[in-house]
Amino acid sequence: MNASKDNEAVKVRLLGLDREALERQCVEWGQKPFRARQLLRWIHQRGAADFDAMTDLAHDFRRVLAQRACIEAPAVLADHESADGTRKWLLDVGSGNAVETVFIPEVDRGTLCVSTQAGCAVNCLFCSTGKQGFARNLRADEIVAQVWHAKRALGRDDDETRTPSPLRAVTNVVFMGMGEPLQNYSATLAALHLLLDDHAYGLSRRRVTVSTSGVVPMIDRLREDCPVALAVSLHAPDDALRDRLVPLNRKYPLAELMGACRRYLERAPRDFVTFEYVMLDGVNDSDAQADALLACVRGVPCKFNLIPFNPFPNSGLRRSTDARIRAFAQRLLDAGIVTTVRRTRGDDIDAACGQLAGEVQDRTRLREREQRTRSVERTRRSAVEGIRP
Ligand code: SAH
Ligand code: SF4
């Protein structure tokens, strides 16, 4: 349902309507379809939350909108900025559930990492979101609200006298926050439409990346419906190990997944798939496994993104050593595959993946955590300030 209850009336949540849906809605309200484009621009480009501000819409239409529609984002439970500029918001999606949105500024781009579910049903061994279990799918408006909110918050920061660099604009969006986007397909698709729509966020397909643990039939659907850049969380070179690390592999084994990747590339905006591979000490990081990985992905044009494991309490897993990660990367590079090692960003605010939201149900622990986070931030900041001339 894309509606909110307010004073007994069910209001349409405009943040979740893509152009087609909004045109239908406008017609239902007795308006011309092109009003949808005006609304999209007000909401997504100018960040309007208030219908009164929409001065090029007739007064009567604005009254209808105020009565029947709303532009509402989830409440912000926490807002942390890391010493390296990474910013993380924790958003309240009701019933004690929270999701996170992370902004990662770089010199030439600003990447927003959005969540698609509260929790996740895939339950990967190394993922703290998975360990929380699955609560519910986010609605389209809750996914889009993350971009809408980030743009507004970062824009406001710009108004203040902050250091202008690194970039404070959202130029790229990655679906790599909490949840499996392809297990929440229709909401993800509506959000993608808005990200690409020139009247809304106007991003190119190459700047929007969906990351999936490998829901094969939905990779094929996405290829038909809205082919954006694709990242696939691989993590293992063979089915026996991947069955353990990514339980979804039992349903869609590697050979099928590689087939889906090849088919996807026929329509993709980039001519490669990005394979993500979390580096787990003694589990998936040997030279022999690097070689097996090369055999596994043969015939799929790809790049590798090695992610040093981000530990969480009681995971029973360890991050591979830097030397091992370098050696593993070198083996892939030697075979001619572009390989990057993801820099750990926002380490001091646990911005990696589902690291804070799991604790929100226990408010006391959240408060303790926030205090700890702040003191880590302070330590880092003073360390940096200490070495300035
Ligand atoms: N569900 C999707 C997208 C969200 S997870 C997917 O699995 O692709 C985004 C990325 O973070 C995935 O590549 C995932 O494997 C990785 N990840 C999850 N937990 C991690 C951890 N503890 N350390 C490092 N990377 C992790
Ligand atoms: Fe879900 Fe992705 Fe975490 Fe696996 S890694 S449990 S698919 S969010």
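Sequence order as written defines residue numbering, which begins from 1 separately in each chain. Just so you know, chain letters begin at A and ligand numbers begin at 1, following the order they were written in. Reporting in this predicted model follows two pLDDT cut-offs: at least 70 for local features of residues, and 80 or more for side-chain atom pairs to be given and counted; totals over whole chains, interfaces and linings ignore these cut-offs and use all residues. Each side-chain value is derived from all of the structure's non-hydrogen atoms; neither hydrogens nor water enter the calculation.

(A) Unusual backbone geometry, seen in detail. The backbone phi angle of Ser-95 is positive, close to 50°, even though this residue is not glycine. Only DSSP runs of H or I reaching four residues or more are called helices, and only runs of E reaching two or more are called strands; each is numbered from the N terminus. Tracing the backbone shows Ser-95 in the loop between strand S5 (87–92) and strand S6 (98–105). Its relative accessible area of 75% is what places Ser-95 among the exposed residues. The backbone phi angle of Asn-123 is positive, close to 60°, even though this residue is not glycine. Looking at the secondary structure, you find Asn-123 in the loop between strand S8 (117–119) and helix H4 (128–131). Whether a residue is buried, partly exposed or exposed follows from its accessible area with a 1.4 Å probe, protein chains only, as a fraction of its type maximum: under 20%, in between, or over 50%, in that order.

(B) Representation of helix H1 (residues 19–28) within the structure. When H1 is considered as a whole, its buried residues turn out to be Ala-21, Leu-22, Gln-25 and Cys-26. End-on, the buried residues of H1 take up no more than an arc of 140°, which puts them together on one face. For H1, the exposed residues set more than 90 degrees away from the buried face come down to Glu-20 and Arg-24. Once H1 finishes, Gly-30 follows within two positions and takes phi at roughly 80°, a positive value. Arc definition: directions from the helix axis to the C-beta atoms.

(C) View of the packing of helix H7 (residues 216–225) against helix H9 (residues 254–265). The convention used is that axes are lines fitted to C-alpha atoms, helices contributing only their stretch in contact, and that angles between N-to-C directions extend from 0 to 180 degrees. Running from N to C, H7 and H9 point in directions that differ by 5°, and their axes come no closer than 9 Å. Here H7 lies roughly parallel to H9, going by the angle between them. Taking contact as the criterion, the partners of Val-216, Ile-219, Asp-220, Leu-222 and Arg-223 in H7 are, on H9, Glu-256, Leu-257, Ala-260, Arg-263 and Tyr-264. Residue polarity follows a fixed list, in which Ala, Val, Leu, Ile, Met, Phe, Trp, Tyr, Cys and Pro are nonpolar, Asp, Glu, Lys and Arg are charged, and the others, Gly among them, are polar. Of the residues that constitute the contact of H7 with H9, the class distribution is 6 nonpolar, no polar and 4 charged. Oblique is the label for any angle not covered by the other classes, which are roughly parallel (under 35 degrees), roughly antiparallel (over 145) and roughly perpendicular (65 to 115). The contact rule is simple, with two residues in contact once any of their heavy atoms fall within 4.5 Å.

(D) Representation of the pairing of strand S10 (residues 172–175) in the model. Of the two faces of S10, the one carrying Asn-172 and Val-174 and the one carrying Val-173 and Phe-175 are both buried. Direction of pairing for strand S7 (residues 110–113) relative to S10: parallel, over a ladder of 3 bridges. Bridge assignment links Cys-113 to a residue of S10, and that residue is Val-174. Any two strands are treated as partners once DSSP identifies two or more bridges connecting them. For S10 and strand S11 (residues 208–212), the ladder comprises 3 bridges, and the chain directions are parallel. Looking across to S11, one finds that Val-173 is bridged to Val-208.

(E) The arrangement of the side chain of Thr-101 in detail. Within the secondary structure, Thr-101 sits in strand S6. What makes Thr-101 buried here is its relative accessible area of 1%. If near-sequence neighbours (up to four positions away) are discounted, Thr-101 is found in contact with Arg-87, Lys-88, Trp-89, Leu-91, Leu-112, Cys-113, Val-114 and Gln-146.

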